[in-house]
Amino acid sequence: MRLRRLAFVLVLLAALVAAPARAQTPPAPPASPGGPVRIAAGVVVGVTIVGGMTEAEAREAIQAAFDQPLRFTFKRRAWRIFPAALGSYPRLNDAMDAAIAARPGQRIPLDVKLHLGNINRYTAHLDRVFSRRPRDSRVLLRNLRPYVTKPRVGFLVRRTAMANAIIRALTRHERDVIPLNVAVLRPRLTRASFGSIIVIRRESMRLYLYRNVRFVRRFAIAVGMPAYPTPLGRWSVVMMERHPTWNPPNSPWAAGLGPVPPGPANPLGTRWIGLSAAGIGIHGTPQPWTVGTRASHGCIRMYMREVEWLFDRVRIGTPVFIVRA
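Heads up: these notes are all about the structure in this document. (Residues numbered from 1 in each chain as written. Predicted model: local features only at pLDDT ≥ 70, side-chain atom pairs only at ≥ 80, totals over all residues. Heavy atoms only, no water.)

What about the packing of aromatic side chains?
A ring pair, where both rings are aromatic, is described by two values, the distance of the centres and the angle of the planes.
So, point 1. What the rule picks out here adds up to eight aromatic pairs.
So, point 2. Pairing Phe74 with Phe130 gives two aromatic rings, centres 5.6 Å apart and planes at 75°, and the pair type is edge-to-face. Here Phe74 is found in strand S3 (residues 70-74), whereas its partner Phe130 is found in helix H4 (residues 116-130), with 56 residues between them in sequence. For the pair Phe74 and Phe130, a shared accessibility class is recorded, and that class is buried.
So, point 3. Geometrically, the ring pair formed by Phe74 and Phe155 is edge-to-face, given 5.2 Å between the ring centres and 90° between the ring planes. One end of the pair, Phe74, is in strand S3; the other, Phe155, is in strand S10 (residues 154-157), and 81 residues separate them in sequence. As far as burial versus exposure is concerned, Phe74 and Phe155 are alike and both buried.
So, point 4. By way of ring pairs, the aromatic residues Phe72, Phe74, Trp79, Tyr122, Phe130 and Phe155 are connected into one cluster.
So, point 5. The residue whose ring lies beneath Arg142 is Tyr147, and the NZ or CZ to ring-centre distance is 3.8 Å. (Phe/Tyr/Trp six-rings, centres within 6.5 Å; stacked < 30°, edge-to-face > 60°. Helix = DSSP H or I, 4+ residues; strand = E, 2+ residues; numbered from the N terminus. Buried < 20%, exposed > 50% of the residue type's maximum accessible area, 1.4 Å probe, protein only. Lys NZ or Arg CZ within 6 Å of the ring centre and 35° of its normal.)

Written out as structure tokens, the structure reads:
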């Protein structure tokens, strides 16, 4: 009888000693009777909940989540690209081993294989498609009146920033829309950049001043005689001088003539507005009776008080159109 009691006590003590050891052993993943092992409840791999799934089901769910395309926008355009096209894929084997052994509710990181060459090639493609130079406004003539074209803003795709955004989306398993990262390139000249614009109608012997595209004033002028016609074309103001000295040009008609200092006899009058056409300018004249005729050697002559008024309203770079009309 004593032996039976002693045996019972020994069995009870063994059970008490073994109980804590069993409590410290992680629970085995639940399994369907006779079925495959299932992942513990609440386990998350990357951003995908795989608790209660078999390994095959978890692989399919994780791959499907990773295969969601990366989406981009710029202005009114939207497009997408799939991770596989970038040569990127999830490292499933290590993640699945960790998921099968995971405790309930555990989060398992999901590493990603990146193909940096493909990502850089894609950002280069975005650069080719969306980058563009800015376009300055230009002055044109329409029906003998100035017209200033609309400028265009330029863009430069920031390729490094876009590559980093793509890598971040892939490695963090994010699929939020990625805005195209660009530097905005402003045009140097806009419609507001243009001040005065001059249009000279050679045959009519009139000079028209515009403020941008708004007409300001019209002047009578003298133009080049038939042997020395005022040149047609688009020019600009390149030199402005008060009380200029006249230096004879290297031309047969000026042979033997010397410089004429400022004063009443100076053929340029009191103002000289030199144009980009060689040797041609707008100036005053001490011979006002020549205004309205073809009397010069190519320059545009004006009444003294009028060229002085004009001089104060133009600047270096002012466009000058000389047309046949």
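Right, picking up where we left off after that structure.
Thoughts on the nonpolar core
So, point 1. Counting residues in hydrophobic clusters, the biggest one holds 23 residues, and the most contacted among them are Leu70, Phe72 and Leu180.
So, point 2. The set of elements that each furnish at least two residues to this core consists of S3, strand S4 (77-81), H4, S10 and helix H5 (159-171).
So, point 3. In contact with Leu180, not counting residues within four places along its chain, are Thr73, Phe74, Trp79, Leu126, Phe130, Val157 and Met162.
So, point 4. One finds Ile200, Leu207, Phe219 and Ile282 within the second-largest nonpolar core, a separate group that totals 22 residues. (Core = buried A, V, L, I, M, F, W, Y, C linked by side-chain atoms within 4.5 Å. Contact = heavy atoms within 4.5 Å.)

Remarks on H5
Since there are 3.6 residues in each turn of an α-helix, residues three or four apart along the chain are aligned in direction.
So, point 1. The end-to-end C-alpha distance of H5 is 18 Å, a good match for the 18 Å that 13 residues give at a rise of 1.5 Å each.
So, point 2. Those residues of H5 lying buried are Met162, Ala163, Ala165, Ile166, Ala169 and Leu170. Down the axis, H5 shows its buried residues gathered within 160° of arc, on one side only.
So, point 3. Buried residues along H5 sit in contact with helix H2 (55-66), S3, strand S7 (112-113), H4, S10 and strand S11 (178-179).
So, point 4. Remark: His173 follows H5 within two positions and exhibits a positive phi of approximately 60°. (Expected span 1.5 Å × (residues − 1). Arc of directions from axis to C-beta.)

Remarks on the environment of Pro187
So, point 1. The residue Pro187 is located in the loop between strand S12 (182-185) and strand S13 (196-201) in this model.
So, point 2. Judged by relative accessible area, Pro187 falls into the buried class, the value being 14%.
So, point 3. Taking C-alpha positions, Pro187 is 7.3 Å from Gly154, a pair spaced 33 residues apart along the chain.

A word on the side chain of Ser196
So, point 1. Position of Ser196 among the secondary structure elements: in strand S13.
So, point 2. Judged by relative accessible area, Ser196 falls into the buried class, the value being 7%.
So, point 3. At a separation of 2.5 Å, a polar atom in the side chain of Ser196 contacts the main-chain carbonyl oxygen of Arg313.
So, point 4. Those residues in contact with Ser196 that lie beyond four places of it in its chain are Leu209, Tyr210, Arg211, Arg313, Val314, Thr318 and Pro319. (Polar contact = N/O pair within 3.5 Å; in protein donor to acceptor, adjacent residues only side chain to side chain.)

As far as function goes, none of this settles anything; it's purely spatial.
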